[in-house]
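Architecture at a glance
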Amino acid sequence: MYLETFLLLLGYFLLIFIIGQVTKDNSIVDIAWGSGFALSAVYNFFRSSDHAIRGMLIMICIMVWGLRLTYHIAKRNLGKPEDYRYVNMRKKWGKQFVLLKAFMNVYLIQMLIQYIVTLPVIYGNKVTQDLKWYNWSGILLWGIGFFFEAFGDYQLKNFKKDPKNKGKLMDRGLWSLTRHPNYFGDSAMWFGIFLLAIEQVSGLWIIAGPALMTYFLVFVSGVKLLEKKYEGRQDFETYKKRTSAFIPWFPKRTGGL
């Protein structure tokens, strides 16, 4: 199943690559990201010989998360120009071997990351023991993560809709507990999947999945990029002093507050 899932994702990202080149928009991969996980979860569940409750719960959690994420990003991005990150990549690539560079630097690398993150999904469909207390705690952690990601996105969307908030920084609701509730939620959900999937100590290696996801969310494509974008703004620097960067916590008191 490990090899089959690898080939499944390779074929999926190859298809998305073709669509991206036809539409001349590599940011299509952002929309496809969540659905790739859902595809892997469904495949592994139905490919499993016993269709156990563990595998079913994993599949449901991944499908709810992945399809919601796809819908959210599609609604936000469809009909708009290619994301600035991919535009900058095109400029760096020059005019030689553009297709190869696009596939290697955008699609293949994301496919490899997704495969590693999916390891708990594959593992969870191979084990046969009954669910333990820590497996059920994984569902609870997943639920907390889903709330932070989905409701955080919802709050930010409504904030941006209000013309009075144009140019302002979102620092209310869940965004007053963490500067990145959606990224924290994403990380928490994958650690929840890890706890749901794990059977015994020998399977602890699958923690590589949520660990890699969290690493990219914090140090590569999520928190780091956004923090750099707003760095130097007075309102952001004030917000930064009183609000936790990632893990939710009560706001700190600052001067005058």
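1. Looking at the packing of helix α5 (residues 98-117) against helix α9 (residues 208-219)
Running from amino to carboxyl end, α5 crosses α9 at an angle of 135 degrees, the nearest separation of the two axes being 7 Å. Of the possible angle classes, the one that applies to α5 and α9 is oblique. Contact residues: α5 offers I113, I116 and V117, while α9 offers A208, G209, L212, M213 and F216. Taken together, the residues that form the contact of α5 with α9 break down as seven nonpolar, one polar and no charged.

2. Here's the deal with the environment of Y43
For Y43, the location among the structural elements is in helix α2 (residues 28-47). Expressed as a C-alpha distance, the spacing of Y43 and F246, which sit 203 residues apart in the sequence, is 32 Å. Ignoring anything within four residues of it in the chain, the contact list for Y43 reads E4, T5 and L8.

3. Here we look at the packing of aromatic side chains
Under the defined criterion, the tally for this structure stands at 22 aromatic pairs. Taken together, a centroid distance of 5.5 Å and an interplanar angle of 40 degrees make the contact between Y215 and F219 tilted. Residue Y215 and its partner F219 are both found in helix α9; the two are separated by four residues, about one turn of the helix.

4. Here's the deal with a nonpolar patch on the surface
A cluster of nonpolar side chains, contributed by I53, M56, I60 and V64, occupies part of the molecular surface with about 320 Å² of accessible area. Structurally, the position occupied by I53 is in helix α3 (residues 53-77).

5. Thoughts on the pattern of salt bridges
Pairs can form between side chains of opposite charge once their charged atoms are near each other. Applying the stated criterion to the full structure yields nine salt bridges. A salt bridge links R68 to E149; its shortest N-O distance comes to 3.4 Å. In this pair, R68 is assigned in helix α3 and E149 in helix α7 (residues 133-161), connecting sequence segments 81 residues apart. For R68, a relative accessible area of 18% puts it in the buried group. When the shortest N-O distance is used, the salt bridge between D235 and R233 registers 2.5 Å. Owing to a relative accessible area of 31%, D235 belongs among the partly exposed residues under this scheme. When its relative accessible area of 28% is taken as the criterion, R233 is described as partly exposed.

What counts and how
- Residues numbered from 1 in each chain as written.
- Predicted model: local features only at pLDDT ≥ 70, side-chain atom pairs only at ≥ 80, totals over all residues.
- Heavy atoms only, no water.
- Axes fitted to C-alpha atoms, helices over the stretch in contact; angles between N-to-C directions.
- Helix = DSSP H or I, 4+ residues; strand = E, 2+ residues; numbered from the N terminus.
- Parallel < 35°, antiparallel > 145°, perpendicular 65-115°, else oblique.
- Contact = heavy atoms within 4.5 Å.
- Nonpolar A, V, L, I, M, F, W, Y, C, P; charged D, E, K, R; others polar.
- Phe/Tyr/Trp six-rings, centres within 6.5 Å; stacked < 30°, edge-to-face > 60°.
- Patch = residues over 30% accessible without salt bridge, like charges linked within 9 Å, V, L, I, M, F, W, Y side chains within 5 Å.
- Areas by Shrake-Rupley, 256 points an atom, 1.4 Å probe, with all protein chains shown as cover.
- Salt bridge = Lys/Arg side-chain N within 4 Å of Asp/Glu carboxyl O.
- Buried < 20%, exposed > 50% of the residue type's maximum accessible area, 1.4 Å probe, protein only.

None of the figures reported here should be taken as evidence of function without further support.
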